[in-house]
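Now for the letters of each chain:
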Amino acid sequence: MAESYLNKSIQTFLTSFRNLVSKIDSFLKTKPKLNFVLKSGMSVLITCLLGLFLLIFTARIGVFGGMPSDEELAEINNPEGTELFADDGTTIIGRYYIENRTNTTFDSLPENLIHALIATEDIRYYEHNGIDWKSWMRVLFKTILLKESASGGGSTISQQLAKNLFKRRTYWRGTTLINKIREIIIAQRLEKMYSKEKLLTMYFNTVSFGGNVFGIDVAAKQYFSTTPIHLKPEESATLVGMLKATTKYNPLNNMDLAKKRRNTVLSKMERYGYLTKNSLDSLSKLDIKLHYVNETHTEGIATYFREFARIDLENQLSKLKKSDGSEYNIYTDGLRVYTSINLSMQKYAEEAVSEQMKELQDLYTQQMRWIKLPWKDTAFLNKAVMNTERYKYLAKAGMSSHYIDSVFNAPREMVVYSTTGEKKMTLSPKDSLIYYLQFLSAGFLAAEPQTGFIKAWVGGIDNKFFQYDHVKAQRHVGSTMKPIVYAAALEKGLNPCDYYDNTQKTYPQFDNWSPKNFEGGYGGQYSMAGALAKSLNCATVDIMLKTGIDTVVDFAKKLGITSNIPYEPSVSLGAVDISLFDMIRAYSTLVNHGNRPVIKYIVKVVDSDGNVIIDNTDLSLKVNDQVMNPENADMIRSMMQGVINQGTGGSVKWKYQVKEDLAGKTGTSQDCSDGWFIASNPGLIAGAWVGGEFPEIHLNGNFTGAFTALPIVGKFLNKVEKDKSLEKYVIEKFAPLSEESRAKLNCAFTNYVADTTQVDSLGLDSLKVEGNEHGILDKNSDGTEIKDTSKTKKFFDKLFERKKKKADKSETE
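Scope of this entry: the structure provided in the associated data block. (Residues numbered from 1 in each chain as written. Predicted model: local features only at pLDDT ≥ 70, side-chain atom pairs only at ≥ 80, totals over all residues. Heavy atoms only, no water.)

**Considering the overall build of the protein**
Across its full length, the protein holds 30 helices and 20 strands. Expressed as a percentage of contacts within the protein between residues at least 6 apart in sequence, the contacts between residues at least 24 apart total 69%. Counting only carbon and sulfur atoms, one obtains 54% of the accessible surface of the protein, whose full area is about 38800 Å². (Helix = DSSP H or I, 4+ residues; strand = E, 2+ residues; numbered from the N terminus. Contact = heavy atoms within 4.5 Å. Areas by Shrake-Rupley, 256 points an atom, 1.4 Å probe, with all protein chains shown as cover.)

Structure, rendered in structure tokens:
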């Protein structure tokens, strides 16, 4: 009965519908123009709908480029850079990235930020499933038909997220429409997979805030020096306001437009109930107060270290694999690298280098007034020109020598480095090369000698203009090689209290090589401690030859020297290129009872899932190599203490007021091209190198290691000692020598009584050169003991003043 009634109703409806269509058709026949318009319109509409349906269908199946699969959408992982942390575990000192981004969580997003975004971009965000049809109608009528550009767009937050995650493509026709359709489809799929909170978090982690700033975490830090959760309402409004046009509304580019846009966002927040009228009025009057932190690879703290770590990390991670077998990528995998760099020490190191190099550059510039160019080899400049990227590019392009010369001699305005800051100069490329070649550079490294953990790293004077890292650069080491020679001699069995010849000799077997002492003063014989304290070249060569050249070279490699060391006697005087990095490792071994540490900076590396993939936290598992007899190492360390207490490194004590136990050595290469100083206490070792950018740059006789490099270490250690938070690094004393070692060192520095002139040239005046069991000068000429170091200080004061009168400033080497 019911079925019969339903069939009858359907038949009645169809009959009525056919009658209606028949009447409309009869009417339209009487109105041919209207009939044509309506039928044409219907045809167009149907065609458009079919076309749109076809377009959506083809887009969904991937005809216009593969659509992301459900698996891809479920495993969305933004490219996240690697972060370097200081030894406090919280302070970021550097990032490596393709897109400068750090992902955050929903709990880290403040309400005012979320409200600002929703009020401005998608007020019905919590009501739709990825498409806001009301917004689309608004766009259709107001933006397209009424031409009201201020009416806003129709894209929802989900669609914008789809756009951020899957970049738009270019097509032959209909690029904008096709991309919009793809984004709508992806947005709807995202809405089905993720909660609204997760989508907001993903949006804030992917959106660009201008330049290479991606994500709210980096934006908050870079523009306002804060974290997202601590953003103020007006700061959140400023950042959200930038999203409409990150260049136009960037407060760095146009503060007025940025403030106007911020107030527009605040007004929308008030309109939709996220702000009160009073809050709007007060916040709108505030100026935008930026605390901009410009993050670049050549500016900020520890720039040279960051570049070293980048290269080293890539090398270390290349040996590891993820769980899926793929390789780690420091630019996209969101790794957390916890380093041993101490922020305070790094700051003190950079200050020490800056202070000393500015003073030194001024003195060097004054000296250069009397010297045409700081290199002897006339071909050096041509070699330097040919080594530039500009020259290589022009030569590769087949340009003639005449054309290349014209390019290098054509002046133009440029921004150049100076010790007082950047400045504009008009120079030709060749003149600019000459200008830069006259700047002195420096390298500095500090580490824990027992663990090898690096605490501070400075590779040059300004990474923006001088990228070459002098911590890893190999340069002549001068007299800093001598402790290694003496240590090899002890390992060979030579007696430290034997006396070694300080006579200048010519060695026919070595092409008539005739080494000289740095300041003359020949004759007599010296113990190892005496020869090391005075840095006597002739006595050192005698020790080298009695030890054996092969023995010294092989022993240097055992200490951690990785350079190619020639088997020549001049190696004993530092005529070998070694990096500051390697020298710190070797000296750490000498002051660490012969245990060679691994010089490192990684405490641990954690992946984006919290898994530790490199771990150096358990020091009990890291056994240092015992590469020399502990007793011999302690004796060398004691001799190096003599260098500090009465030798060439004395000014680190009396001039820079460093009070801690120190063992160290100065060094100067031929023509003062390289100045060195390395000093260590039981808890901290620090070394500095100073010289020209190339070995061909000569600094001449006044610029010894004690004058150029020692002040950097002295200034640094002085700052560290004054910092109570770093007390543990300077409070420890060296362990006393064993009775046997004390007996082996219980001899005078020399068995030679020099004439007044020669003794005076050594800076000792009335001191009779005798020493105690530690090789430390402690007797006056009448045999009475020196009660404190103040008298020694007076001798060095007198020496310093005397040499200061001879040249601007200098100290004995």
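**Here's the deal with the sheet that holds strand S1 (residues 82-85)**
Sheets are built from strands that pair by backbone hydrogen bonding, the pairs being arranged parallel or antiparallel. Ordered in space as S2-S1-S5-S15-S16, the five strands form an open sheet in which the pairing is mixed. Every interior strand has two partners, whereas the edge strands, strand S2 (92-96) and strand S16 (612-615), have only one. Here the average twist between neighbouring strands, direction ignored, is 15°. As paired elements, strand S5 (residues 336-339) and strand S15 (residues 602-606) share four bridges and run antiparallel to each other. Residue pairing in the sheet places arginine 336 in a bridge with valine 606 of S15. Against the sheet, helix H13 (residues 303-317) engages S1, S2, S5, S15 and S16, with an angle of about 55° to S2. (Pairing = 2+ DSSP bridges. Axes fitted to C-alpha atoms, helices over the stretch in contact; angles between N-to-C directions.)

**Looking at the side chain of lysine 600**
Inspection of the secondary structure puts lysine 600 in the loop between strand S14 (595-596) and S15. One buried charged residue, lysine 600, remains without a salt bridge, the closest side chain of opposite sign being glutamate 448 at 7.6 Å. In this structure the side chain of lysine 600 is engaged in a polar contact, spanning 2.4 Å, whose partner is the backbone oxygen of threonine 451. Those residues within four positions of lysine 600 in sequence are excluded, and the remaining contacts are Ser340, Thr451, Gly452, Phe453, Ile454 and Asn616. (Buried < 20%, exposed > 50% of the residue type's maximum accessible area, 1.4 Å probe, protein only. Lys, Arg positive; Asp, Glu negative; His and termini not counted. Salt bridge = Lys/Arg side-chain N within 4 Å of Asp/Glu carboxyl O. Polar contact = N/O pair within 3.5 Å; in protein donor to acceptor, adjacent residues only side chain to side chain.)

**Some thoughts on the packing of aromatic side chains**
One pass over the structure, following the stated rule, counts 27 aromatic pairs. An angle of 15° between the planes, with centres 4.9 Å apart, marks the rings of phenylalanine 85 and tyrosine 338 as stacked. Here phenylalanine 85 is found in strand S1, whereas its partner tyrosine 338 is found in strand S5, with 253 residues between them in sequence. Aromatic side chains tyrosine 417 and phenylalanine 439 sit 5.1 Å apart centroid to centroid with 70° between the ring planes, which places their arrangement in the edge-to-face category. Note that tyrosine 417 is positioned in the loop between strand S6 (412-416) and strand S7 (423-427) and phenylalanine 439 in the loop between helix H18 (429-437) and strand S8 (440-447), a separation of 22 residues in sequence. Here tyrosine 417 and phenylalanine 439 have matching classes, each one buried. Taken together, the ring pairs connect Tyr417, Tyr435, Tyr436, Phe439, Phe465 and Phe466 into an aromatic cluster. Above the plane of the ring of tyrosine 125 lies lysine 196, whose end atom (NZ or CZ) is 4.4 Å from the centre. Over the aromatic face of tyrosine 249 sits the side chain of arginine 261, whose NZ or CZ is 5.8 Å from the ring centroid. (Phe/Tyr/Trp six-rings, centres within 6.5 Å; stacked < 30°, edge-to-face > 60°. Lys NZ or Arg CZ within 6 Å of the ring centre and 35° of its normal.)

**Here we look at the environment of methionine 386**
Counting through the fold element by element, methionine 386 comes out in helix H15 (residues 380-386). For methionine 386, the contacting residues outside a window of four places in its chain are Tyr391 and Lys392.

**What to know about H13**
The end-to-end C-alpha distance of H13 is 21 Å, a good match for the 21 Å that 15 residues give at a rise of 1.5 Å each. The complete set of buried residues in H13 reads Thr303, Tyr304, Phe305, Arg306, Phe308, Ala309, Asp312, Leu313 and Leu317. (Expected span 1.5 Å × (residues − 1).)

**What to know about unusual backbone geometry**
The phi angle of most residues is negative, glycine excepted, and most peptide bonds adopt the trans form. Phi angles above zero are rare outside glycine, and alanine 302 is one such case at about 55°. Along the chain, the position of alanine 302 falls in the loop between helix H12 (277-285) and H13. Phi at asparagine 512 is positive, roughly 55°, even though this residue is not glycine.

**Things to note about the pattern of salt bridges**
Per the stated rule, a full pass over the model turns up 28 salt bridges. A salt bridge links arginine 310 to glutamate 307, with the shortest nitrogen-to-oxygen separation between them at 2.6 Å. Here the residue arginine 310 and the residue glutamate 307 both occupy positions in helix H13, the gap between them amounting to three residues, near one helical turn. Note on glutamate 307: relative accessible area 34%, which makes it partly exposed. Salt-bridge contacts for arginine 742 lead to glutamate 739; the nearest nitrogen and oxygen are separated by 3.4 Å. With arginine 742 and glutamate 739 both in helix H28 (residues 739-744) and three residues apart, this pair spans about one turn of that helix. Overall, arginine 742 belongs to the partly exposed group, its relative accessible area being 28%. Judged by relative accessible area, glutamate 739 falls into the exposed class, the value being 60%.

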